[in-house]
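Below are the chains, spelled out letter by letter.
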Amino acid sequence: QLYTQGEKRQFWVRKVPLMAILYECIVAGVFDYDYAPAAVTISGKRVYMNISQEGIDDLDDLREQGMLYGLKMGTKKYSSTQAFQ
């Protein structure tokens, strides 16, 4: 989603679309990671996505180094999701 603050624009990417982009990069040969199907809740429904644990670990490393920001959000149905910047 797009948020504005004065002249500076900030873009946040939710975790599920980021995992989809990461998977597409793996398939295209950009990253040499493994992936496996994992259950994910999307719009209240449980679906299976190909998730890379190595990719998630690298995102966590970037957050620890301060190169990536994370935001945890709650929904109306009391589930949580994450977004990254």
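Right above here is the structure, for reference.
Because the structure is predicted, anything quoted here is derived from the model rather than measured. (Residues numbered from 1 in each chain as written. Predicted model: local features only at pLDDT ≥ 70, side-chain atom pairs only at ≥ 80, totals over all residues. Heavy atoms only, no water.)

Caption draft 1: Summary view of unusual backbone geometry. Of note, the phi angle at S43 is positive, near 55°, even though the residue is not glycine. Structurally, S43 is set in the loop between β4 (36-42) and β5 (45-51). What makes S43 exposed here is its relative accessible area of 74%. (Helix = DSSP H or I, 4+ residues; strand = E, 2+ residues; numbered from the N terminus. Buried < 20%, exposed > 50% of the residue type's maximum accessible area, 1.4 Å probe, protein only.)

Caption draft 2: Representation of the pairing of strand β7 (residues 80-84). Of the pairings in the sheet, the one linking strand β3 (residues 13-14) to β7 comprises two bridges and is antiparallel in character. In the strand pairing of β7, R14 is matched with A83. Pairing between strand β6 (residues 70-74) and β7: five bridges, direction antiparallel. Across the sheet, the residue bridging to M73 is T81, located in β7. Where β6 hands over to β7, the hairpin turn is made up of five residues, of which Y78 adopts a positive phi near 65°. (Pairing = 2+ DSSP bridges.)

Caption draft 3: Highlighting the nonpolar core. By size, the foremost hydrophobic cluster in this structure holds 12 residues: L18, M19, L22, I26, Y33, V40, M49, I51, I56, L59, L68 and F84. Sorting the residues of this core by element identifies α1 (15-27), β5 and α2 (53-64) as the ones contributing at least two each. It is α1 that provides the largest number of residues to this core, a total of four residues. Once you skip the residues sitting within four places of it in the chain, I56 turns out to touch M19 and I51. (Core = buried A, V, L, I, M, F, W, Y, C linked by side-chain atoms within 4.5 Å. Contact = heavy atoms within 4.5 Å.)

Shape is all these values report; function is a separate question.
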